[in-house]
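# Descriptive structure summary
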Amino acid sequence: MRTRKARRTVVTGIGVVAPNGNNTEAFWKRTHEGMSVLDRVTREGCEHLPLRVAGEVRGFEAVELIEERFLVQTDKFTHFAMAAADIALDDARLGRADYEKSPFDVGVVTAAGSGGGEFGQRELQRLWGQGPTYVGPYQSIAWFYAASTGQISIRGGFKGPCAVVASDEAGGLDALAHAARSIRGGAGAVVVGAAEAPLAPYSVVCQLGYEDLSTVEDPTRAYRPFTSEACGFVPAEGGAMLVVEEEQSARRRGAKVRAELAGHAATFTGAARWEESREGLAQAIIGALREADCAPDEVDVVFADALGVPAADRAEALAIADALGAYGKRVPVTAPKTGIGRAYCGAPVLDVAAAVLSMENALIPPTPNVFEVCHDLDVVTGSARPAELRTALVLSRGLMGSNAAMVLRCSTDPRT
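Residues numbered from 1 in each chain as written. Predicted model: local features only at pLDDT ≥ 70, side-chain atom pairs only at ≥ 80, totals over all residues. Heavy atoms only, no water.

Inclusion rule: UniProt positions are given in the numbering used here, feature names are shortened, and annotations may be inferred rather than shown by experiment.
Under an unreviewed UniProt entry, the name given to the protein chain is Ketosynthase chain-length factor, and the organism recorded is Streptomyces pulveraceus. Its UniProt record, at the heading Sequence similarities (unreviewed entry), says of the protein chain: "Belongs to the thiolase-like superfamily. Beta-ketoacyl-ACP synthases family."

### Some details on the packing of aromatic side chains
For the record, the criterion: Classification of ring pairs rests on two measures: the distance between centres of Phe, Tyr or Trp rings, Trp counted by its six-membered ring, which must be within 6.5 Å, and the angle between planes, read as stacked under 30 degrees, edge-to-face over 60 and tilted in between. Note on conventions: DSSP H or I runs of at least 4 residues are helices, E runs of at least 2 residues are strands, and numbering of each starts at the N terminus. For each residue, the accessible area found with a 1.4 Å probe, counting protein chains only, is set against the maximum for its type, and the residue is called buried under 20%, exposed over 50%, and partly exposed in between.
As enumerated under the stated definition, the model contains four aromatic pairs in all. Geometrically, the ring pair formed by Phe60 and Phe80 is edge-to-face, given 5.0 Å between the ring centres and 70° between the ring planes. Taken together, the positions of Phe60 in the loop between strand E3 (53-54) and helix H2 (68-71) and Phe80 in helix H3 (residues 76-92) put the pair 20 residues apart, joining distant regions of the chain. Residue Phe60 shares its accessibility class with Phe80, and that shared class is buried. Centroid distance Trp143 to Phe144: 5.4 Å. Interplanar angle 65°. Geometry classified as edge-to-face. A relative accessible area of 40% means that Trp143 is categorised as partly exposed. Phe144 sits in the partly exposed class, given a relative accessible area of 33%.

### Side note on the pattern of salt bridges
Threshold: For salt bridges, the criterion is a side-chain nitrogen of Lys or Arg within 4 Å of an Asp or Glu carboxyl oxygen.
In this structure the tally under the stated criterion is 28 salt bridges. Note that Asp351 and Lys337 form a salt bridge whose closest N and O atoms lie 2.6 Å from each other. Of this pair, Asp351 sits in helix H13 (residues 346-361) while Lys337 sits in the loop between strand E10 (332-334) and H13, and the two are 14 residues apart along the sequence. The residues Asp351 and Lys337 share a single accessibility class, namely buried. Measuring nitrogen to oxygen at the nearest pair gives 3.3 Å for the salt bridge that ties Arg390 to Glu388.

### Focus on the side chain of Arg397
Our working rule: The definition of a polar contact used here is a pair of N or O atoms within 3.5 Å, where within protein one atom must be able to donate a hydrogen and the other to accept one, and adjacent residues in sequence count solely through side-chain atom pairs.
In this structure, Arg397 sits in strand E14 (residues 391-397). At 3.3 Å, the side chain of Arg397 forms a polar contact with the side chain of Ser277. In this structure the side chain of Arg397 is engaged in a polar contact, spanning 2.9 Å, whose partner is the backbone oxygen of Ala312.

### A few points about H3
For the record, the criterion: The length a helix should cover is 1.5 Å for every residue beyond the first. Throughout, a residue-residue contact means that at least one pair of heavy atoms, one from each residue, lies within 4.5 Å.
With 17 residues, H3 ought to run about 24 Å at 1.5 Å a step, and its terminal C-alpha atoms sit 24 Å apart, in line with that. Of all 17 residues that make up H3, twelve are buried, and the element is covered over most of its length. Taken residue by residue, H3 has Phe77, Thr78, His79, Phe80, Ala81, Met82, Ala83, Ala84, Ala85, Ala88, Leu89 and Ala92 as its buried positions. Looking at the buried side of H3, the elements it contacts are strand E1 (9-17), H2, helix H6 (139-142), helix H7 (147-156), strand E6 (189-196) and strand E7 (238-246). The distance from a side-chain oxygen at the start of H3 to the backbone nitrogen of Phe77 is 3.0 Å, and the residue carrying that oxygen is Asp75. Immediately downstream of H3, the backbone of Arg93 shows phi near 55°, a positive value.

Right, here's the structure in full:
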């Protein structure tokens, strides 16, 4: 019998802005259909750069979604986060009437890797080309990786515990864990997640220093993890925000409990040391399972990190086997991000969103553009796989060496 936690953290709202959809419904439809939206980079100023393929968010009109006073202060990565937060709050049915009498009960946590590159580039170009008097006053805050947390908090009137997590791509999962700790510490709700906008020319040039970045020109071949054709990862913009709450308070106000954040653990193994990440990721999985009081054979699906680098893919496959034993060869593994790209800190939060939706719909989404797997894993390819899903494991690693794992429980799981 699973020990009941005094203050459990549950997901009540999901908001997504991603290359395959500017809302949660569109994201899920294209995710479970296995649609790939990877395409040639179209951003002005990137035409001559070696990066050819990326996951771009298209049709996103920030001016229609965000007030002008916030638009002028913020970069695109914050626009994505604010829009996703709005969707998540609406989904959770958490309005001002629910918290305006106790705004200190609601906090905000985000993770960020690249910050506001587009805003920063524009202001620096004005500095170099026209002089310091042409640089706007918001340059000092818009580029900053903490901007999304601050602006979501200010805009929503949330005065509870706020934080920013900086731990590589794995920061997306670490932010959710931080939010869960805030809930256990007494917070009623936290708006949490990550969104990135790394496709401005300045940001792309910075990423060209990553040896693991794919520069393949064919969108169908640029990002193929777990295959003999693996040649690196494709970057993406966008991300997801969630509303997480203390379970009993969520149920009292009539919110739909969608899943539980049941367990998390993180390790560090050093930049690009992919062989060593095997042990680090395995230990993160073991730690997350322990916190969730979850046996290895209770995991129904794994959402893989899927970097697309041969050494990293091999390390991840071995880590899954190390942590889950012989069951690791049979558990279904998926990586929907191969159809949209890796949105850095936003990538694992998008995976968490997809995992919750998978459990709700009893459907494991496929891994786009991946066909012949060369590792001892049951990777879901081709089309979605129907399955009864009660427990999902989400994995993430950062290029600088962070590893994280998170266990999610279905809201209807009798073990909860």
